[in-house]
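# Architecture and fold: a report
The lines below spell out each chain.
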Amino acid sequence: MTDVKTPSKLEKILAAGHLAVTSECGPPRGSDPEVITKKAEMIKDHVDAINITDNQTSVTRMCSLASCIHLKQMGLEPVLQMVTRDRNRIALQSDILGAASFDIYNILCLSGDHQSFGDCPQGQNVHDIDSMQLIQTVRHMRDEGKFLGGDDIKRPPQMFVGAAANPFADPFEIRVPRLAKKIAAGVEFIQTQCIYNLDKFEKWMELARDRGLHEKVYILAGLTPLKSAGMAKYMKNRVPGMDVPDDVVKRMADTPKEKQSEEGIKICIESILRLKEVQGVAGFHIMAIEWEEKVPGIVEETGLYPRPTLE
Amino acid sequence: MRLQYPTNIKVVRVPCTGKVDVLYILHSFEKGADGVYLVGCLEGGCHYNSGNLKARKRVEQARKILDTIGIGGERVRMYNLSSSDGPLFAKYATEMDEKIREMGPNPIKLAKKKKAA
Amino acid sequence: MIVADKKPIEEIIEYLKGKQNILILGCNECVTVCEAGGKKEVGVLASALRMYFQNQGEDVKIDEVTLERQCDHEYLEEIRDRVDQYDAVVSLACGVGVQFMAEKYHSTHIYPGVNTCFLGATEERGLWTERCQACGQCILATTGGICPVSRCAKRLLNGPCGGSTTGKCEVKKGDEEIDCGWQLIVDRLQALDRLDEYETLCPVKDWSTDRAGGPRKVIREDLKQ
Ligand code: SF4
Ligand code: SF4
């Protein structure tokens, strides 16, 4: 797992054995580039790479690719998130080449939330290929230098290929086989769903280790600090595939309202400190939704700062 | 015991209200009925288990259609009573009669008359 | 079978405004089974329309016919001698029947009386659910006999997505939960002791036999005359 295959800074940091730190920025519902650059400014010294979400929860926003280009122009390291919901194989391959032309070196392959959650519930979805097949596609384009159609690509993309994994989603029997399947498809790094149920996550890691999967893929543990007890309850009850244990909800609810956001950050920090010790955790993906200013503090408090520099 | 109930009501006997199809109801109106009501056994008391419940659903269906086409869904009703309850039968008949008088005749008849005139 | 649902009467009335002679044409096959366009539904619609027009003071003749099938030349021929007397035909067959009618009788105005919904099964009376999207290259052999194309909201061939929760899909139909197709597949593979097959990657699918390839045809030279 140590030979580096792309110019990706994220890949190099992971290959060098450092715990990587990534975060994400959601593009605006408008065309103001400053929304992205401001968010990026807040976190840029504390993370190795920044994911840009792709119309997350199916709400129409500025595109991920353009936002990634803004980051690139700031000299930062973007991770291009791409969902298979909105584009067919022509558009996906074309956007991958577009990103590669700006030397964007990381991609996260996703299927995307269903459009019924967003602002266009009456729209069509595409799903020409699925996230697993998108992983295969990027690897094929990069490693074989060929399009899906078989023709050669001039200057193929050089991308470090990632995917999401949800250690908590059902059916539980296939959570680890599913990870193995993504690895077989060619995934090189994983960013997990937000972890609140640490016991269950550790169990999942253990099962992954039993199959040696942690040696075949870099697993970045995903965390989202809770802002309030309300958010904890919402995540628990309303967000599909999310596992927020009762004691976490209770801890937030038992905290006075004005102290809840502080408590949420505390829980996040404690979680990272505990997960740092878990064998196979290669780094952290901190998704502070519309709360980017909190990321530096979390990174510092957990001993993940300063970030390594590459020679 | 002889009970009085409005004489303008034509009773159609069926073995069970479950036999009454939505088409029977609609055809009655087509033929000029001003109102149609079904009198079934008490809910839970159907000899065929659920005949009267099915009838209620068909009444609902007929009401919806009649509302949509401007005849008035209120012209169809479902009553349930025990078969020995003569006074209640008479009461429902009177109630229905009053309701329909309030609503006036089947508008189809009026429309036809207007046309003929 | 093809599952259809009745169109609102208001919508049908809109199509028929100003028409004098109308035929309501049912079909004895799928739409009869799903109680949207059989003889009975033809009767109900015809009766409602007759009353509507009478109430409007309009003289409109409304006839009722239910054919064995509307997707076969042979049965559609049965109305050839009378179809010209109608200035509108409302077909309660699926979209196939409506179109076949339209192709066959060029000068007749033909309107759909049902919304054609999907290929599905009767789970119980009053409940029909989708099973197949006629993708043209069936992959049920690899998925334990449960179709991810029609039963996964994202037609994932390598599902499930992260939204599957306690057997239910992340997508809801109103307040109704729907089963996660991939949970069904996994359960089924497990019951068949074939869960190891789950890890076999399903390759990028050729959708040219699906809707994407344009109108489709099945040609059987051996049967052609
Ligand atoms: S795989 Fe295709 S043909 Fe087979 S059931 Fe699904 S949609 Fe129908
Ligand atoms: S929850 Fe299941 S059925 Fe729904 S989109 Fe995800 S994998 Fe498909």
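We now turn to the structure provided with this report. This is a predicted model, so every value here is computed, not measured. (Residues numbered from 1 in each chain as written. Chains lettered and ligands numbered in written order. Predicted model: local features only at pLDDT ≥ 70, side-chain atom pairs only at ≥ 80, totals over all residues. Heavy atoms only, no water.)

### Structural notes on the interface of chain C and chain A
The following threshold applies: It only takes one pair of heavy atoms within 4.5 Å for two residues to be counted as in contact. Put simply, buried area is how much 1.4 Å-probe accessible surface two parts lose in total, over both of them, once they are put together. In the sections that follow, a salt bridge refers to a side-chain nitrogen of Lys or Arg positioned within 4 Å of a carboxyl oxygen of Asp or Glu. Identification of polar contacts relies on pairs of N or O atoms within 3.5 Å, with a donor-acceptor requirement for protein atoms, meaning one able to donate a hydrogen and the other able to accept it, and with residues adjacent in sequence counted only if both atoms are side-chain atoms. Numbering goes from the N terminus for both helices and strands, where a helix is a DSSP run of H or I of at least four residues and a strand is a run of E of at least two.
Contacts between the two partners involve 31 residues from chain C and, on the opposite side, 32 residues from chain A. With both chains or domains summed, chain C and chain A bury close to 2,500 Å², and 52% of this area falls on carbon and sulfur atoms. Considering only the surface of chain C that becomes buried against chain A, E199, L201 and V204 of chain C emerge as the three largest contributors, covering 24% of it. Summed over the shared surface of chain C and chain A, the result is 1 salt bridge. At the junction of chain C with chain A, the criterion picks out 20 residue pairs in polar contact (both at pLDDT 80 or more). Here the element with the most residues in the side of chain C that touches chain A is helix α8 (residues 181-191) of chain C; it accounts for 4 residues.

### Remarks on the nonpolar core
Stated precisely, the cut-off is as follows: Each nonpolar core is a collection of buried residues, namely Ala, Val, Leu, Ile, Met, Phe, Trp, Tyr and Cys, held together in the definition by side-chain atoms within 4.5 Å. Note on exposure labels: buried denotes an accessible area under 20% of the residue type's maximum, exposed denotes more than 50%, and partly exposed covers the range between, all computed with a 1.4 Å probe on protein chains only.
Grouped together as the largest cluster of nonpolar side chains are 66 residues, with contacts concentrated most on I107, F201 and F284 of chain A. The contact partners of F201 of chain A, leaving out residues within four places of it in the chain, are P167, F168, T192, I195, A221, L275 and V281 of chain A. One finds V42, I62, A93 and V114 of chain C within the second-largest nonpolar core, a separate group that totals 47 residues.

### Observations concerning unusual backbone geometry
Cis rather than trans, the peptide bond between D170 of chain A and P171 of chain A has omega equal to -10°. Within the secondary structure, P171 of chain A is located in the loop between β5 (160-165) and α6 (175-185). Cis peptide bonds are those with omega within 30 degrees of zero, and the linkage from G159 of chain C to P160 of chain C qualifies with -5°. Within the secondary structure, P160 of chain C sits in the loop between α7 (148-151) and β8 (168-173). A positive phi angle, near 55°, is found at E35 of chain C, a position not held by glycine. Positionally, E35 of chain C belongs in the loop between α2 (30-33) and α3 (39-55). For E35 of chain C, a relative accessible area of 27% corresponds to the partly exposed category. One non-glycine residue, R155 of chain C, adopts positive backbone phi at about 35°.

### Focus: the sheet that holds strand β2 (residues 21-27) of chain C
Residues and elements named next belong to chain C. Note the following rule: At least two DSSP bridges between two strands are needed for those strands to be called paired. Helix axes use the C-alpha atoms of the stretch in contact, all axes being lines fitted to C-alpha atoms, and the angles between their N-to-C directions lie in the range 0 to 180 degrees.
In space, the 4 strands of this open sheet follow the order β3-β2-β4-β5, with parallel pairing throughout. Bordering the open sheet on either side are β3 (61-67) and β5 (110-112), each of which pairs with just one other strand. The sheet shows a mean angle of 25° between the axes of neighbouring strands, taken without regard to direction. Inspection of the sheet shows β2 paired to β3 by 7 bridges, in the parallel sense. Looking at β3, one finds that L23 is bridged to D63. With respect to the sheet, helix α6 (residues 95-104) is in contact with β2, β4 (88-91) and β5, its orientation differing from that of β5 by roughly 175°.

### Here's the deal with the environment of I174 of chain A
Residue placement: I174 of chain A occurs in the loop between β5 and α6. A residue is classified by how much of its surface remains accessible, and I174 of chain A, at 0% relative accessible area, is buried. Separated by 56 residues in the primary sequence, I174 of chain A and G118 of chain A place their C-alpha atoms 28 Å from one another. Excluding residues that lie within four positions of it along the chain, I174 of chain A makes contacts with P160, V186, L195 and Y198 of chain C.

### Quick notes on the sheet that holds strand β6 (residues 114-124) of chain C
Residues and elements named next belong to chain C. Strand order in the open sheet formed by 3 strands is β1-β6-β7, and the pairing between neighbours is antiparallel. Looking along the sheet, the strands with just one partner apiece sit at the ends: β1 (2-6) and β7 (127-132). Strand-to-strand twist of the sheet, defined as the mean angle between neighbouring strand axes without regard to direction, takes the value 70°. By the bridge criterion, 5 bridges tie β1 to β6 in an arrangement that is antiparallel. Following the sheet pairing, A4 is matched in β6 by T116.

### Brief notes about the site of ligand 2
Residues and elements named next belong to chain C. What counts, and what does not: Nearness is judged by heavy atoms alone; a residue qualifies as near a molecule or strand once a single heavy atom is within 4 Å of it. Residue polarity follows a fixed list, in which Ala, Val, Leu, Ile, Met, Phe, Trp, Tyr, Cys and Pro are nonpolar, Asp, Glu, Lys and Arg are charged, and the others, Gly among them, are polar.
Taken together, 13 residues form the shell around ligand 2, and within it C152, C161, C169, C180 and G181 come nearest. Those elements that place two or more of their residues in the shell around ligand 2 are β8 and α8. By residue class, the composition of the shell around ligand 2 is 7 nonpolar, 3 polar and 3 charged.

### Section: the pairing of strand β2 (residues 76-80) of chain B
Across a regular strand the side chains alternate sides, sitting on one face of the sheet and then on the other. All names here are of chain B. Summarising burial for β2: 5 of the 5 residues are buried, a large majority. Every second residue of β2 is oriented toward a common face, with V76, M78 and N80 on one face and R77 and Y79 on the other, all of them buried. As paired strands, strand β1 (residues 36-40) and β2 are joined by 5 bridges and run parallel to one another. Paired with V36 across the bridge in β2 is V76.

### Quick word on the environment of D54 of chain A
Residues and elements named next belong to chain A. Mapped onto the elements of the fold, D54 is located in the loop between β2 (49-52) and α3 (64-73). Assessed through its relative accessible area of 3%, D54 is described here as buried. In the structure, D54 is positioned 29 residues away from V83 in sequence and 6.5 Å away in space, judged by C-alpha atoms. Side chain to side chain, D54 and N55 meet in a polar contact 3.1 Å long. Separated by 2.9 Å, the side chain of D54 and the backbone nitrogen of V83 make a polar contact.

### Remarks on the site of ligand 1
All residues adjacent to ligand 1 are C132, Q133, A134, C135, C138, I139, L140, C147 and V149 of chain C. Grouping the amino acids of the shell around ligand 1 by side-chain chemistry returns 8 nonpolar, 1 polar and no charged.

### Side note on the packing of aromatic side chains
Selection rule: Two rings from Phe, Tyr or Trp (for Trp, the six-membered ring) form a pair when their centres sit within 6.5 Å of each other. Planes less than 30 degrees apart are called stacked, planes more than 60 degrees apart edge-to-face, and all others tilted.
This structure, assessed with the given rule, holds 9 aromatic pairs over all chains. Seen in terms of ring centroids, Y37 of chain B and Y79 of chain B are 5.6 Å apart; in terms of plane orientation they differ by 85°. Their pairing is edge-to-face. With Y37 of chain B in strand β1 and Y79 of chain B in strand β2, this residue pair connects regions lying 42 residues apart in the sequence. Ring centres 6.2 Å apart and planes at 80° place the aromatic pair W182 of chain C and Y198 of chain C in the edge-to-face group. Taken together, the residues span a long stretch of sequence, with W182 of chain C in helix α8 and Y198 of chain C in the segment after α8 at a distance of 16 residues. Look at W182 of chain C and you get buried, because its relative accessible area is 4%. Here a set of aromatic residues connected by ring pairs shows up, and it is made of F160, F189 and Y218 of chain A.

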